[in-house]
Amino acid sequence: MLLLAKIGKFIKASRPFSLPCSLFPAALGYVLAENKVNTLPVFVLILIAIVLLHVAANLLNTYYDFKYKIDDADHCYDETLVKGILPEDDVLNASWLCLAFSMMFFGSGIVVIRSAHLIPYLLFFKAVFISFNYSTGFRFKHNCLGEVAIYVTFGPTVASFVYSCLSNGKFSWLVLLASSPLGLVIASILFANNIRDAGHDLKCGVKTIANQIGIQNSLNLYSLLLIMPYVQVTGLAILYQHLQLTLIWLLAPVSLYFAMYPHRTSVTDRVSTLFDKTLINFHLFASVYLCLVYSVVG
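Residues numbered from 1 in each chain as written. Predicted model: local features only at pLDDT ≥ 70, side-chain atom pairs only at ≥ 80, totals over all residues. Heavy atoms only, no water.

**Q** Where do I start with the overall build of the protein in this structure?
**A** Looking only at helices and strands, the protein features 13 helices and zero strands. Its helices and strands taken in sequence order, the protein reads α-α-α-α-α-α-α-α-α-α-α-α-α from the N to the C terminus. A compact globule built from 298 residues should have a C-alpha radius of gyration of about 19 Å, and the protein, at 19 Å, falls within 12% of that. Among the 298 residues that make up the protein, the fraction classed as buried is 53%. (Helix = DSSP H or I, 4+ residues; strand = E, 2+ residues; numbered from the N terminus. Rg over C-alpha atoms; globule rule 2.2 N^0.38 Å. Buried < 20%, exposed > 50% of the residue type's maximum accessible area, 1.4 Å probe, protein only.)

What follows is the structure in structure tokens.
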């Protein structure tokens, strides 16, 4: 029972609510892959590698946010270390263990497909580099580069990695462009989080776009972030002559509501609920967009 309880604590600490940010781009890469016949086992292996790398990054973020005193008793949304739910060393060791298993599953996938192509390796270790340096090392999160890192990782990198693994190491501009709308809606989740935490982050010496440009400018940029994916999908539909992708605009009223919501309510209300609303927008957009892409190429 104690073992099960501890496993449950680790699962909660891994932030499972964030894993769709990896799963949707990976699914997009699979849908767009040139060779989907008999590649499901390989896809499962590399998907596990991606999820484990994501969990490793989450645990590292938890550890270093506590170490750098960003999370404390007065302000924290991850109570794992602040309330002593798990020891610090356990969280750090678990992150390294997840990283090691991620590399193992990636290697297993490469062995199965017998790939000697360079692109899958470059994309995987690019994701590893960003995951490590997000919270420590170069500390992208602390230097106004958090949203950029998230966009690059969960947009083009994950989708292109899956596509390349299943397409004989090829690179595709289509995948790069098609993954950009997903990258933007995922980056908007972090941006909403940073708007909510702008004041606290500034006190802790963490520079984010939100606390550098101010709340009102941040809310304007947030609205733009929610609308831009629709513009990108429209451009993609025109460029590749798949106009059925423009059906994504049927979902636009929901995103427009969320985009305009911060401008219609008090500062306290709009900031406190922004993160949850952005998560809803992400799940709706990603689900509909993936279905539309599948209807075009599946």
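Back to the write-up after that little detour.
**Q** I keep staring at the nonpolar core and nothing clicks. Help me out?
**A** The biggest cluster of nonpolar side chains holds 74 residues, and the ones touching the most others in it are L28, F161, V162, F282, F285 and Y289. Of all elements in the fold, only α2 (20-32), α3 (40-67), α4 (88-113), α5 (118-135), α6 (146-166), α7 (173-196), α10 (215-239) and α13 (274-297) reach the threshold of two or more residues within this core. Sort the elements by how many residues they give to this core and α3 lands first, with 14 residues. Discounting residues that sit within four places of it in the chain, F161 has contacts with I46, I50, F106, P120, L123 and F124. Core analysis: the next-biggest nonpolar cluster, separate from the first, contains 14 residues, L184, F191, I195 and A198 among them. (Core = buried A, V, L, I, M, F, W, Y, C linked by side-chain atoms within 4.5 Å. Contact = heavy atoms within 4.5 Å.)

**Q** What is the right way to read the pattern of salt bridges from this model?
**A** The full count for this structure, using the stated rule, is five salt bridges. A salt bridge links D90 to K6; the nearest nitrogen and oxygen atoms lie 3.0 Å apart. Of this pair, D90 sits in helix α4 while K6 sits in helix α1 (residues 2-13), placing them 84 residues apart in sequence. A residue is classified by how much of its surface remains accessible, and D90, at 22% relative accessible area, is partly exposed. One salt bridge in this structure joins K141 and D65, with 2.6 Å as the shortest N-O distance. Taken as a pair, K141 in the loop between α5 and α6 and D65 in helix α3 lie far apart in primary sequence, 76 residues in all. Exposure remark for K141: the relative accessible area of 15% places this residue in the buried category. By relative accessible area, which is 6% here, D65 ends up buried. (Salt bridge = Lys/Arg side-chain N within 4 Å of Asp/Glu carboxyl O.)

**Q** Which parts of the structure should I look at to understand the packing of aromatic side chains?
**A** For any two aromatic rings, the description comes down to two numbers: the centre-to-centre distance and the angle of the planes. Considering all chains together, one arrives at 19 aromatic pairs under this definition. With a centroid separation of 5.2 Å and an interplanar angle of 85°, the aromatic rings of F124 and F125 are classed as edge-to-face. A relative accessible area of 3% means that F124 is categorised as buried. When the centroid spacing of 5.3 Å and the interplanar angle of 80° are considered together, the rings of Y230 and F285 count as edge-to-face. Note that Y230 is positioned in helix α10 and F285 in helix α13, a separation of 55 residues in sequence. Put simply, the rings of F106, Y121, F124, F125 and F161 touch in pairs and so form one group of aromatic residues. (Phe/Tyr/Trp six-rings, centres within 6.5 Å; stacked < 30°, edge-to-face > 60°.)

**Q** What should I look at first to understand the packing of α2 against α7 in this one?
**A** Packed helix pairs are specified by the crossing angle of their axes together with the interaxial distance, meaning the distance between the axes. Where α2 contacts α7, the axes come no closer than 10 Å and their chain directions differ by 170°. By the angle class used here, α2 and α7 are roughly antiparallel. Counting all contacts with α2, which are made through C21, F24, P25, L28 and L32, the residues of α7 involved are L174, V175, A178, S179, L182, I186 and I189. For the contact of α2 with α7, the class distribution of residues is 11 nonpolar, one polar and no charged. (Axes fitted to C-alpha atoms, helices over the stretch in contact; angles between N-to-C directions. Parallel < 35°, antiparallel > 145°, perpendicular 65-115°, else oblique. Nonpolar A, V, L, I, M, F, W, Y, C, P; charged D, E, K, R; others polar.)

**Q** So what exactly am I meant to see when it comes to the packing of α3 against α4 here?
**A** Where α3 contacts α4, the two axes come as close as 8 Å, and the packing angle between them is 160°. Overall, the two elements α3 and α4 adopt an arrangement that is roughly antiparallel. In the packing of α3 onto α4, the handedness of the crossing is left-handed. Of the residues contributing to the contact of α3 with α4, the split by class is 24 nonpolar, four polar and one charged. (Left-handed = near helix turned anticlockwise from the far one by under 90°.)

**Q** So what exactly am I meant to see when it comes to the environment of L251 here?
**A** Summarising the element assignment, L251 is placed in the loop between α10 and α11 (252-260). Taking relative accessible area as the criterion, L251 reaches 12% and is therefore assigned buried. Put simply, L251 and I85 are 166 residues apart on the chain and 40 Å apart in space, counted from C-alpha to C-alpha. Excluding residues within four positions of it along the chain, L251 makes contact with Y230, L284, F285 and V288.

**Q** Where do I start with the state of the cysteines in this structure?
**A** Such a bond, covalent and formed between the sulfur atoms of two cysteines, is termed a disulfide. Evaluation of the coordinates by the stated rule reveals zero disulfides. With no disulfide of its own, C165 has C98 as its nearest cysteine by sulfur position, at a separation of 20 Å. Free cysteine: C204, not disulfide-bonded; nearest cysteine sulfur from C76 at 12 Å. (Disulfide = S-S within 2.5 Å.)

**Q** Could you clarify how one ought to interpret the side chain of R15 in this entry?
**A** By the element assignment, R15 lies in the loop between α1 and α2. At a separation of 2.9 Å, a polar atom in the side chain of R15 contacts the side chain of T62. When residues no more than four places from it in sequence are discounted, the contact partners of R15 are N58, N61, T62 and D78. (Polar contact = N/O pair within 3.5 Å; in protein donor to acceptor, adjacent residues only side chain to side chain.)

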